[in-house]
Amino acid sequence: MLNLEYKIGGLKINPNKLPFNGSDPYDASHHFVTRAVDSYVEIYVAEAETHFQVVNIFNLNEMKDNIAEGGSFYLNENNELVLDDYSGDYDAISKKAAQSFAELILPEIEKLGVYVKRIVVDPNERRINDF
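Note that this is a predicted model, so its numbers are computed, not measured.

**Things to note about the pattern of salt bridges**
Then, number 1: Inspection of every chain in the model, using the stated rule, returns four salt bridges.
Then, number 2: In this structure, Glu80 engages Arg118 in a salt bridge whose closest nitrogen and oxygen atoms are separated by 2.7 Å. In this pair, Glu80 sits in strand β5 (residues 80-85) while Arg118 sits in strand β6 (residues 118-123), placing the two residues 38 residues apart along the sequence.
Then, number 3: Of the residues examined, Glu80 reaches a relative accessible area of 9% and is grouped as buried.
Then, number 4: In this structure Arg118 comes out as partly exposed when scored by relative accessible area, which is 47%.

Right under this line is the structure:
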């Protein structure tokens, strides 16, 4: 889709748990999923152990057929906002979409008092969802 629009569907971010310095992004405290709706895609981010828990937190179960992608969401040791990895259930997001979502979320993160130096997107491109 050439004119795909990106929106924030829901954010439940704990700024104290946003930093992550581990080696496996899946171990980050926050995960995200996206939901495809007509000509736009929404992102949902929450402190959760799994992508399925993010779906439950935002009561997206009835719309689970529309869940298109997922990944990890955290602040690395360089104060960079990172969207990366993939979801075993929902696959990965494209770099373009990850960048667009990160730019939308950045002002919301800053409102929580979190300093972000820059955005880094590195989804697992071998696992991109082809919705």
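**Overview of the nonpolar core**
Then, number 1: Membership of the largest hydrophobic core comes to 24 residues, with the highest contact counts inside it found for Phe73, Leu83, Phe101 and Ile109.
Then, number 2: Listing elements by their share of this core, those giving two or more residues are β3 (40-47), β4 (67-75), β5, α2 (95-111) and β6.
Then, number 3: In terms of residue count, the dominant contributor to this core is α2 (seven residues).
Then, number 4: Leaving out residues up to four positions away in the same chain, Leu83 has contacts with Phe32, Ile43, Ser72, Phe73, Ala98, Phe101, Ala102, Val120, Val121, Asp122 and Pro123.
Then, number 5: By size, the runner-up hydrophobic cluster in this structure holds 10 residues, among which are Ala46, Ala48, Leu60 and Ile67.

**What about α2?**
Then, number 1: When the terminal C-alpha atoms of α2 are compared, their 25 Å separation across 17 residues agrees well with the 24 Å that a helix rising 1.5 Å per residue should span.
Then, number 2: Buried residues belonging to α2 abut β1 (5-12), β2 (30-37), β3, β4, β5 and β6.
Then, number 3: Of the residues flanking the end of α2, it is Gly113, one or two places downstream, whose phi is positive at about 85 degrees.

**What about the packing of aromatic side chains?**
Then, number 1: A complete count under the given rule lists three aromatic pairs for this structure.
Then, number 2: Aromatic side chains Tyr6 and Phe101 sit 5.1 Å apart centroid to centroid with 85 degrees between the ring planes, which places their arrangement in the edge-to-face category. Taken together, the residues Tyr6 in strand β1 and Phe101 in helix α2 connect sequence positions 95 residues apart. For the pair shown, Tyr6 and Phe101 are each scored as buried.
Then, number 3: Geometrically, the ring pair formed by Phe20 and Tyr74 is edge-to-face, given 5.2 Å between the ring centres and 75 degrees between the ring planes.

**Some details on the environment of Phe20**
Then, number 1: With respect to the secondary-structure elements, Phe20 resides in the loop between β1 and β2.
Then, number 2: Assessed through its relative accessible area of 12%, Phe20 is described here as buried.
Then, number 3: Along the primary structure Phe20 and Val82 are separated by 62 residues, whereas in three dimensions their C-alpha atoms are 9.7 Å apart.
Then, number 4: Setting aside residues no more than four positions away along its own chain, Phe20 makes contact with Pro25, Asp27, Ala28, Tyr74, Leu75, Asn76 and Glu77.

**Overview of the side chain of Glu80**
Then, number 1: Here the side chain of Glu80 touches Arg118 through a polar contact of 2.7 Å, side chain to side chain.
Then, number 2: What Glu80 contacts, discounting residues up to four positions off in sequence, is Tyr74, Leu75, Arg118 and Val120.

**With respect to the pairing of β6**
Then, number 1: Because side chains alternate across β6, one face comprises the buried residues Ile119, Val121 and Pro123, and the other comprises Arg118, Val120 and Asp122, none of which is buried.
Then, number 2: Bridging between β5 and β6 involves six bridges; their strand directions are parallel. Its bridge partner lying in β6, Asp85 is registered against Pro123.
Then, number 3: Following the backbone out of β5, through α2 and into the adjacent parallel β6, one traces a crossover that is right-handed.

Cut-offs applied
For every chain, the first residue of the written sequence is number 1, and numbering continues from 1 along that sequence. For this predicted model, a pLDDT threshold of at least 70 governs which residues receive local features, and a threshold of 80 or more governs which side-chain atom pairs are given and counted, while totals over whole chains, interfaces and linings are taken from all residues. Side-chain measures were taken over the full set of non-hydrogen atoms in the model, leaving aside hydrogen atoms and water. Salt bridge, as used here: a side-chain nitrogen of Lys or Arg that lies within 4 Å of a carboxyl oxygen of Asp or Glu. Secondary structure counts use DSSP, requiring at least four H or I residues in a row for a helix and at least two E residues in a row for a strand, with both numbered from the N terminus. Relative accessibility thresholds used throughout: buried, under 20% of the residue-type maximum; exposed, over 50%; partly exposed, between the two (1.4 Å probe, protein chains only). We define a nonpolar core as any set of buried Ala, Val, Leu, Ile, Met, Phe, Trp, Tyr and Cys residues linked to one another through side-chain atoms lying within 4.5 Å. A contact between two residues is defined here by any heavy atoms of the two lying within 4.5 Å. What a helix is expected to span follows from its residue count: subtract one and scale by 1.5 Å. Only rings of Phe, Tyr and Trp enter the pairing, Trp through its six-membered ring, and a pair is recorded when the two centres are within 6.5 Å. The plane angle decides the type: under 30 degrees is stacked, over 60 is edge-to-face, the rest tilted. A 3.5 Å cut-off defines polar contacts: any pair of N or O atoms within that distance qualifies, except that in protein one atom must be a possible hydrogen donor and the other a possible acceptor, and neighbouring residues in sequence count only when both atoms are side-chain atoms. DSSP-based pairing: two strands are paired if at least 2 bridges between them are found. The handedness of a crossover follows from its direction of travel: if, with the strands pointing away from the viewer, the path from the first strand over the helix to the second runs clockwise, the crossover is right-handed.

Structural measurements only, silent on function.
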